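Listed below are the residues making up each chain.
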Amino acid sequence: MLGFQDKIIKRVFDISFAIVGISLSWWLMLLAWIVASIETKSNGLFMQKRIGYQGKEFLVFKIKTMYPNTKNNSTVTTANDSRITKSGKFFRRYKIDELPQLFNVLFGSMSFVGPRPDVRGFADKLQGEDRVILSIKPGITSPASIKYKNEEEILANVENPIEYNKNVIWRDKVAINKEYIKNWSLKNDILYIIKTITG
């Protein structure tokens, strides 16, 4: 469990490196936004309400990687999802679509490392000791997202992706994230960031 001092250290780290990250990648975000805007014929910035710190909703920022599809509004995405754009496949593979979340980190709604933020129906439904996940800010990466870096491929190979995500992957992520919070250290956060970047 993170104490007050731990959260201060984590926040100072987040602000410092969010500024560095934005300074280095602003041009790539701009280029990706232009490409996504052209391909989807809409604003290339995707914004969606997610559940964050203390169960409160916030807007997460991403580069748009899907065509609008009123027939399929599922929040579960598989590797062969027909909604994914050509550029979106590239952006998702190299995590370019996640870069705008550096602004979420800078503004304080997210952290570099923490449980990935989900839409309603997951984190907001946690009970008992599982709600410890809501005691820290959601992250761009986490030990759970590193384990499930090929989540879309996994879901593409199961009979019912929605049920498998809810009953298998989500439950495992909760257990992993609880362990992360229990054993938090800045050193571990740095290692998770390095693992995410190096793949």
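This report concerns the structure included in the present document. (Residues numbered from 1 in each chain as written. Predicted model: local features only at pLDDT ≥ 70, side-chain atom pairs only at ≥ 80, totals over all residues. Heavy atoms only, no water.)

Some thoughts on the layout of surface pockets
Step number 1: The calculated volume of the second largest pocket comes to roughly 200 Å³.
Step number 2: Lining the second largest pocket, in full, are L2, F4, K7, I8, K10, R11, D14, Y53, S111, S135, I136 and K137.
Step number 3: Broken down by element, the residue count for the lining of the second largest pocket peaks at 6 residues, all from helix α1 (residues 4-40).
Step number 4: In terms of residue class, the lining of the second largest pocket is made up of 5 nonpolar, 2 polar and 5 charged. (1 Å grid on protein atoms, 1.4 Å probe; cavity = no way out; pocket = protein on both sides within 12 Å on 5 of 7 lines; lining within 4 Å. Points joined across faces, edges and corners; volume = space filled by probe spheres on them. Helix = DSSP H or I, 4+ residues; strand = E, 2+ residues; numbered from the N terminus. Nonpolar A, V, L, I, M, F, W, Y, C, P; charged D, E, K, R; others polar.)

Quick word on the packing of α1 against helix α7 (residues 186-198)
Step number 1: Two numbers describe how α1 lies on α7: the axes approach to 11 Å, and their chain directions differ by 35 degrees. At the point where α1 passes α7, the crossing takes the right-handed sense. The residues of α7 that touch α1, namely those facing I9, K10 and F13, are L186, D189, I190 and I193.
Step number 2: Class assignment of the residues belonging to the contact of α1 with α7 gives a composition of 5 nonpolar, no polar and 2 charged. (Axes fitted to C-alpha atoms, helices over the stretch in contact; angles between N-to-C directions. Left-handed = near helix turned anticlockwise from the far one by under 90°. Contact = heavy atoms within 4.5 Å.)

Thoughts on the pattern of salt bridges
Pairing of side chains with opposite charge becomes possible as their charged atoms draw close.
Step number 1: The tally for this structure, following the rule as stated, stands at 11 salt bridges.
Step number 2: The partner of D124 in a salt bridge is R120, with the nearest N and O atoms 3.4 Å apart.
Step number 3: Overall, R120 belongs to the exposed group, its relative accessible area being 52%.
Step number 4: Here D130 makes a salt bridge to K178, at a shortest N to O gap of 2.8 Å. Taken together, the residues D130 in the loop between β3 (111-113) and β4 (139-141) and K178 in helix α6 (residues 161-182) connect sequence positions 48 residues apart.
Step number 5: What you see here is one network of salt bridges that share partners, running through K62, D97, E98 and R116. (Salt bridge = Lys/Arg side-chain N within 4 Å of Asp/Glu carboxyl O. Buried < 20%, exposed > 50% of the residue type's maximum accessible area, 1.4 Å probe, protein only.)

So, unusual backbone geometry
Step number 1: The phi torsion at K41 lies on the positive side, around 55 degrees, for a residue other than glycine.
Step number 2: Residue placement: K41 occurs in the loop between α1 and β1 (45-51).
Step number 3: Here K41 falls in the exposed class, since its relative accessible area comes to 74%.
Step number 4: Positive phi values are uncommon outside glycine, yet Q54 reaches one of about 60 degrees.
Step number 5: By secondary structure assignment, the location of Q54 is in the loop between β1 and β2 (57-63).

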